[in-house]
Amino acid sequence: MPRLLRTLAVIGLMAATFVWYVTLPAVRDTSALEALTGNPVNGEMVFWASGCASCHMAPGATGADQLILAGGLALPTQFGTFYAPNISSDREQGIGGWSIAAFAHALQDGVTGDGAHEYPAMPYLAYVKMAPQDLVDLKTFLDTLPASATPNIPHDLTFPFSLRSTLGVWKLWAGQPDYVMTGDLPPVLTRGRYLAEALAHCGECHTPRDELGALRQSAWLSGAVIDAGKVKVPNITPAKLVWTQEEIFTYLTTGSTPEFDYAGGAMAHVVDNLAHLPKSDIMAIVAYLRAAHPIP
Ligand code: HEC
Ligand code: HEC
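Residues numbered from 1 in each chain as written. Chains lettered and ligands numbered in written order. Predicted model: local features only at pLDDT ≥ 70, side-chain atom pairs only at ≥ 80, totals over all residues. Heavy atoms only, no water.

S.K.: I would appreciate a short explanation of the pairing of strand β1 (residues 74–77) in the present structure.
M.R.: Every other side chain in a regular strand lies on the same face of the sheet, so the side chains alternate between the two faces. Direction of pairing for β1 relative to strand β2 (residues 80–83): antiparallel, over a ladder of four bridges. Along β2, the bridge assignment pairs A74 with Y83. Two successive antiparallel strands, β1 and β2, enclose a turn made up of two residues. (Pairing = 2+ DSSP bridges. Helix = DSSP H or I, 4+ residues; strand = E, 2+ residues; numbered from the N terminus.)

Dropping the structure here:
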């Protein structure tokens, strides 16, 4: 019996070491990014398309203040409340002075500046599909924005989610999902898919999640409940979203619905972001929505 226990203890220890090892934060090789030169004009487009301000501006900021990325927005979830950090150009409190490598790790690998796992409250499983040039352009644009010395608010999470090391298991569980819309797509859908799935992360709010908070790819855009169960997000697949092309376009750029209602909650700021994009990009998102798999 003691021998069996000893064997079990050894096996348990080996399994724990294995899980710990395979779930250590891993980062990509960024040498290709370092060779690129950033274009801040395109970077601004990537910024609005990706909705960075929605989470990282001071809560409720409007107009030019949306470009002061002081952080502080509370993001309630069933695991506790996350607070978006300061990503302004401040060298102490923000990310001023971060290398392109550190920036890419935070945006695409889910690894923080000090090498720990990052919480998926930051939508890195969408941004991982961001094109290298767009990533570099975005960083160049962020470097031109004002500094804010606002300190970060620590997240308020329940145990064991308060331990960043547990996120390695989450990453294994969620995997690194590829595009949901597949096949041989015409250019307008390729662009629409890039905008919707990689940058604007529509699925982060409109797709239901499993028990561990990973997006259910098979139920893509079919509606979800966010903000720790308080907010219902509508199904926007063609099974439910029956508006015409023009109606969807008007909604995404102005927030007005065909029922004379107005986009509310988190969607209101998504509309503010999309209003900065060229008409052709909004048309591409509309085309993407209309081509999405209908889910009742
Ligand atoms: C849905 C809300 C949300 C959106 C949208 C979002 N972020 Fe974040 N971001 C967060 C949260 C929450 C964290 C903190 C994650 C953590 O502590 O692990 C974070 C962390 C970061 C960090 C790491 C900061 C640090 O001090 O470690 C960077 C850099 C960052 N975000 C940049 C961006 C950029 C650039 C965009 C747009 C492309 C963006 N974020 C969009 C919520 C968001
Ligand atoms: C941060 C969360 C969030 C993100 C990201 C988001 N949405 Fe929404 N969306 C919502 C919420 C919440 C509503 C409901 C708004 C309301 O009640 O007025 C909504 C409503 C909508 C509607 C109206 C549907 C209806 O039947 O009334 C459309 C269309 C839509 N979103 C499309 C999109 C697209 C396209 C994207 C990506 C470009 C996107 N959303 C990204 C949260 C989000």
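S.K.: Help me understand the layout of surface pockets in this model?
M.R.: Over the atoms a probe the size of a water molecule is rolled, and this reveals where empty space is left. In this structure, the second largest pocket occupies an estimated 270 Å³ of space. Lining the second largest pocket are 18 residues, with A26, D109, K171, G175 and Q176 positioned closest to its centre. At the level of secondary structure, the elements contributing two or more residues to the lining of the second largest pocket comprise α5 (100–109), α6 (124–127) and α8 (167–174). With five residues, the top contributor of residues to the lining of the second largest pocket is α8. A class-by-class count of the residues in the lining of the second largest pocket yields nine nonpolar, six polar and three charged. (1 Å grid on protein atoms, 1.4 Å probe; cavity = no way out; pocket = protein on both sides within 12 Å on 5 of 7 lines; lining within 4 Å. Points joined across faces, edges and corners; volume = space filled by probe spheres on them. Nonpolar A, V, L, I, M, F, W, Y, C, P; charged D, E, K, R; others polar.)

S.K.: Got a minute to help me understand the coordination of the iron atom of ligand 2 in this structure?
M.R.: Under ideal tetrahedral coordination, the four donors around a metal are separated by 109.5 degrees; under ideal octahedral coordination, the six donors are separated by 90 or 180 degrees. The coordination sphere of the iron atom of ligand 2 contains the protein donors H206 (NE2) and M267 (SD), at a distance range of 2.1 to 2.3 Å. Classification of the site at the iron atom of ligand 2 as octahedral follows from its six donor atoms and the range of 88 to 179° in their angles at the metal. In this pair, H206 is assigned in helix α10 (residues 202–206) and M267 in helix α12 (residues 265–274), connecting sequence segments 61 residues apart. Relative accessible area serves as the criterion here: at 10%, H206 is assigned to the buried category. Owing to a relative accessible area of 18%, M267 belongs among the buried residues under this scheme. (Donors = N, O, S within 2.8 Å, 3.2 Å for Na, K, Ca; no water. Tetrahedral: all angles 85-135°; square planar, octahedral: opposite > 155°, others 65-115°. Buried < 20%, exposed > 50% of the residue type's maximum accessible area, 1.4 Å probe, protein only.)

S.K.: For this particular structure, what's the right way to read the side chain of S88?
M.R.: The residue S88 is located in the loop between β2 and α5 in this model. If sequence neighbours within four positions are ignored, S88 has contacts with L69, G94, I95, G96, P146, A147 and S148. (Contact = heavy atoms within 4.5 Å.)

S.K.: Help me out: how do you make sense of empty space enclosed by the protein in this one?
M.R.: Under the criterion given, the structure shown has two cavities of 30 Å³ or more. Considered as a void within the structure, the largest cavity measures approximately 220 Å³ in volume. Lining the largest cavity are 23 residues, with L125, A126, P177, E204 and L215 sitting closest to its centre. Those elements that provide at least two residues to the lining of the largest cavity are α6, α8, α9 (187–199) and α10.

S.K.: Looking at this model, I keep getting lost on the coordination of the iron atom of ligand 1. Mind explaining?
M.R.: Coordination of the iron atom of ligand 1 by the protein is provided by H56 (NE2) and M122 (SD), with metal-donor distances spanning 2.0 to 2.3 Å. Every donor counted, the six donor atoms about the iron atom of ligand 1 form angles of 86 to 179° at the centre, which fits octahedral coordination. Residue H56 is found in helix α4 (residues 52–56), and its partner M122 is found in the loop between α5 and α6; the two are separated by 66 residues along the sequence. A residue is classified by how much of its surface remains accessible, and H56, at 10% relative accessible area, is buried.

S.K.: For this particular structure, what's the right way to read a nonpolar patch on the surface?
M.R.: Residues F18, V19, W20, Y21, V22, L24, V169 and L172 make up a contiguous nonpolar surface patch of about 830 Å² in total accessible area. Of all the elements in the fold, those that place two or more residues in the nonpolar patch are α1 (2–22) and α8. In terms of residue count, the dominant contributor to the nonpolar patch is α1 (five residues). Within the secondary structure, V19 is located in helix α1. (Patch = residues over 30% accessible without salt bridge, like charges linked within 9 Å, V, L, I, M, F, W, Y side chains within 5 Å. Areas by Shrake-Rupley, 256 points an atom, 1.4 Å probe, with all protein chains shown as cover. Salt bridge = Lys/Arg side-chain N within 4 Å of Asp/Glu carboxyl O.)

S.K.: Would you explain the nonpolar core in this entry?
M.R.: Grouped burial of nonpolar side chains is what soluble globular proteins tend to show. By size, the foremost hydrophobic cluster in this structure holds 65 residues, and its most contacted members are F47, M130, L138 and L252. Split by domain, this core shows at least three residues from each of two domains, domain 1 (28–174) and domain 2 (187–291). For L252, the contacting residues outside a window of four places in its chain are M267, V271, L274, I282, I285 and V286. (Core = buried A, V, L, I, M, F, W, Y, C linked by side-chain atoms within 4.5 Å. Domains from an automatic or database assignment.)

S.K.: Looking at this structure, how should I read the site of ligand 2?
M.R.: Among the 20 residues in the neighbourhood of ligand 2, the closest are listed as C202, C205, H206, G264 and M267. H206 places a polar side-chain atom, nitrogen or oxygen, 2.9 Å from a nitrogen atom of ligand 2. For ligand 2, an oxygen atom lies 2.7 Å from a polar atom in the backbone of G264. When residues of the shell around ligand 2 are traced back to their parent elements, those giving at least two are α10, α11 (245–254), α12 and α13 (279–291). (Near = heavy atom within 4 Å. Polar contact = N/O pair within 3.5 Å; in protein donor to acceptor, adjacent residues only side chain to side chain.)

None of this, on its own, says anything about what the molecule does.
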